[in-house]
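Architecture at a glance
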Amino acid sequence: MSHVSRLRTFALMNWIEKDRKYIWHPFTPQKERLDPIFIERGKGSLLYDSEGHAYIDAVSSWWVTLHGHAHPYIAEKLYQQALELEQVIFAGFTHKPAIELAERLVTLLPQNFTRIFYSDNGSTSTEVSLKMAIQYWWNQAYENGVHKGIKRNKIIAFKNSYHGDTFGAMSVSDRGVFTMAFHDLLFEVLFIDTPEKDNIKQTKALLEEYGHEVAAFIYEPLVQGAGGMKMYDAALLDELLGIMQETGIICIADEVMTGFGRTGKLFASEHMQHKPDIICLSKGLTGGTMALGVTACSDKIYNAYVNDDKLKTFFHGHSFTANPLACTAAIASLDLVKQNNVIEKIEWLTAQHQLFAAKLAAREAKGFSVKNIRTQGTIIAFEIDKGKDEYLNNISQEITQKCMAKGVYIRPLGNAVYLMPPYCITQEELNTIYETLLSVLND
Ligand SMILES: *Cc1c(COP(=O)(O)O)cnc(C)c1O
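Because the structure is predicted, anything quoted here is derived from the model rather than measured.

**Some words on the sheet that holds strand 12 (residues 250-254)**
If you trace the seven strands from one edge of the open sheet to the other, you get 4-14-13-12-9-7-8, paired in mixed fashion. Only two strands of the sheet have a single partner each, and these edge strands are strand 4 (113-119) and strand 8 (190-192). Ignoring strand direction, the axes of neighbouring strands in this sheet form an average angle of 20°. Sheet analysis places strand 7 (residues 154-158) next to strand 8, joined by three bridges and oriented parallel. Paired with Phe-158 across the strands is Ile-192, a residue of strand 8. Most of the contacts of helix 5 (residues 122-141) go to strand 9 (residues 214-219), to which it runs at about 160°, and overall it touches strand 4, strand 7, strand 9, strand 12, strand 13 (278-281) and strand 14 (293-298).

So, in C-alpha cells, the structure goes:
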C-alpha cells in the first residue's frame, strides 16, 4: 500500500468511526451493523467511494435519481437560484420557481389536475392527500357549527401497500414489520387485495355496505414498491377505479415512486382511462437531487375549499413549503426530461429489461433459483426462491455484498430483487448490471 493510499484509508477510518459514534441510519438494525460505505462523489450512474471504487447505482439511490448523480445542469441552476432567493415563507408570498413548476406540472399531469400543493417529501405528500380528501367531505357536511348527515371519513387502501413513515401514511400502509410497534395507534383502514380477475366482486360488496362512509381510496398504481415490487394489471385497476368513482370515492394515486417514467409512461396513471382525483409526487420530482413533495388535485377537490367560512381552510403547511431551491431543481429536472429524450430512454430500458427477463426465465437452474420474474417499464423484479417471501429475509444483505464486490449496487427488499436504474444508464453499464446479477445468482 502506498503512503498516500494509507493516509486515505486512515482518514476514511476516522470518518466511519465518527459515523458510528454520532449517526443513526434509516431502516438499519443498529446491533452488529456493517460499516456504511463512504461515498465521496457521484457522476452519471456511478457512485465513487473514498478508495476510488465505482459502483453502478442500479436502484437510483432509493428510486430518486433520474438523470444521474451531481448533474452539472441541475447544479448550475441551483447555484444561480441560491444567489437569488434560497427560501421565503409561502403563506402570503410567492416566487417564480414555485409558479413555473406548478404550471409545468399541471401541463404534464393528466388533464383533470389543476392545483399544486407543495410539501417536503413523499410521506408528507400522502399525508396531505389524505387530509385533503377527508376535509373535502367535512367541508361539505359542516355548516354553522353543526355536522349534517353521515360522516364520510373511512379510507380504503391495498394490502401490502406502502405510503410513507409518518402516522397517517403508516395508517394507510400494510400492517407489517415496518409498522408493528404502532399498530394500536394507527387509524382503521379498509384493506382490499390488489385487483385480480375474481376479487373485484368482493370490493363491490364492501362498497355496497360501507361505500357511503368512504372518503378516499389510496393506491400505488401498477407497482407496490416497498411492499416488494409487486405488480398488478392496469385494466383491472382501471375497472376498480371506475367502481370507486361511481360511489363518489376520491381516488388518490400515490405516484411518489411510479412518477416520472418508472412504469414506462411519464405517470403510471396514464395507463388507465379513469384518472385519480389527487396525485402524490416526490422522489423523481427533483431528478433525485432535493427533497420536495407535491399533492396535485382537480377542481372538484379544490372548489370544496373555496368558501366564506374560514373554518373550511386547509390548515396545513410546512416551514419549507415550496422551497425555491427544491422547485428550481424540479424545473431543471423537467428540462432534462425533454433535452435528454428521456421518454425514448425509458422505452429502450423497458425493452432491455424484457430481454433480460426472458434470459432469466430461460436460465438453467444452478445456484439460486428465482421465481415470479416481472417487469413494468423501467423496473424489473423477481424473488429468490430461498427462505420466506419477506422483508426480513437475510438473503438481501448477501446479494447486496456480492454485487458490491463486483461494482454494482442493488438493495433487495428481503428476497425480492429488483433493478430501477437512472435513465442516464449506458448500454455497457446495464449489461454489467445484468451480468453481475447472473453471476451472483449462479454462484
Ligand atoms: C418512498 C415512498 C413514499 C414515502 O416517501 P418519502 O420521501 O420516503 O417519505 C410514499 N409512497 C411511496 C409509493 C413510496 O415509494
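**As for the domain arrangement of the chain**
What the domain assignment reports for the chain is domain 1 (37-67 + 341-442) and domain 2 (75-339). Taking only C-alpha atoms into account, the centre of domain 1 sits 28 Å from that of domain 2. Contact residues are listed per partner, giving 29 residues for domain 1 and 27 residues for domain 2. Between domain 1 and domain 2, a total of about 2,300 Å² is buried, with carbon and sulfur atoms accounting for 66% of that surface. Among the residues of domain 1 in contact with domain 2, Trp-63, His-67 and Gln-376 are the three that bury the most area, contributing 27% of the side total. There are zero salt bridges connecting domain 1 and domain 2. Between domain 1 and domain 2 we count 15 residue pairs in polar contact (both at pLDDT 80 or more) in total. Partitioned by chemical class, the residues of the side of domain 1 that touches domain 2 number 18 nonpolar, nine polar and two charged.

**A few points about the sheet that holds strand 15 (residues 370-376)**
Hydrogen bonds between backbone groups are what pair the strands of a sheet, and the pairing can be parallel or antiparallel. Overall, antiparallel pairing links the three strands, which are arranged 15-16-18 in an open sheet. Single-partner strands in this sheet number two, and they are strand 15 and strand 18 (416-419). Averaged over all neighbouring strand pairs, the angle between strand axes comes to 15°, with direction disregarded. As judged from the four bridges shared by strand 16 (residues 379-384) and strand 18, these two strands associate in the antiparallel manner. Following the sheet pairing, Ala-381 is matched in strand 18 by Tyr-418. With respect to the sheet, helix 11 (residues 342-361) is in contact with strand 15, strand 16 and strand 18, its orientation differing from that of strand 15 by roughly 165°.

**With respect to the site of the ligand**
All residues adjacent to the ligand are Trp-63, Asn-121, Gly-122, Ser-123, Tyr-162, His-163, Gly-164, Glu-220, Asp-254, Val-256, Met-257 and Lys-283. Interatomic distance of 2.8 Å between a backbone N/O atom of Gly-122 and an oxygen atom of the ligand. Here the residues of the shell around the ligand sort into four nonpolar, five polar and three charged.

**Some words on helix 5**
In a regular helix each residue adds 1.5 Å, so 20 residues correspond to 28 Å; helix 5 covers 29 Å between its end C-alpha atoms and thus fits that length. Within helix 5, 16 of the 20 residues are buried, leaving the element largely enclosed by the surrounding structure. N-cap assignment for helix 5: the residue whose side-chain oxygen lies 2.9 Å from the backbone N of Ser-123 is Asn-121.

**Focus: the pattern of salt bridges**
Counting across every chain of the model gives eleven salt bridges. Its salt-bridge partner being Asp-389, residue Lys-371 comes within 3.3 Å of it at the nearest N-O pair. With a gap of 18 residues between them, Lys-371 in strand 15 and Asp-389 in the loop between strand 16 and helix 12 (395-405) connect regions that are remote in the sequence. You can call Lys-371 partly exposed: its relative accessible area is 25%. In this structure, Glu-383 engages Arg-374 in a salt bridge whose closest nitrogen and oxygen atoms are separated by 2.8 Å. Arg-374 carries the same exposure label as Glu-383, and that label is buried.

Calculation rules
- Residues numbered from 1 in each chain as written.
- Predicted model: local features only at pLDDT ≥ 70, side-chain atom pairs only at ≥ 80, totals over all residues.
- Heavy atoms only, no water.
- Pairing = 2+ DSSP bridges.
- Helix = DSSP H or I, 4+ residues; strand = E, 2+ residues; numbered from the N terminus.
- Axes fitted to C-alpha atoms, helices over the stretch in contact; angles between N-to-C directions.
- Contact = heavy atoms within 4.5 Å.
- Domains from an automatic or database assignment.
- Buried area = accessible area lost by both parts, 1.4 Å probe.
- Salt bridge = Lys/Arg side-chain N within 4 Å of Asp/Glu carboxyl O.
- Polar contact = N/O pair within 3.5 Å; in protein donor to acceptor, adjacent residues only side chain to side chain.
- Nonpolar A, V, L, I, M, F, W, Y, C, P; charged D, E, K, R; others polar.
- Near = heavy atom within 4 Å.
- Expected span 1.5 Å × (residues − 1).
- Buried < 20%, exposed > 50% of the residue type's maximum accessible area, 1.4 Å probe, protein only.

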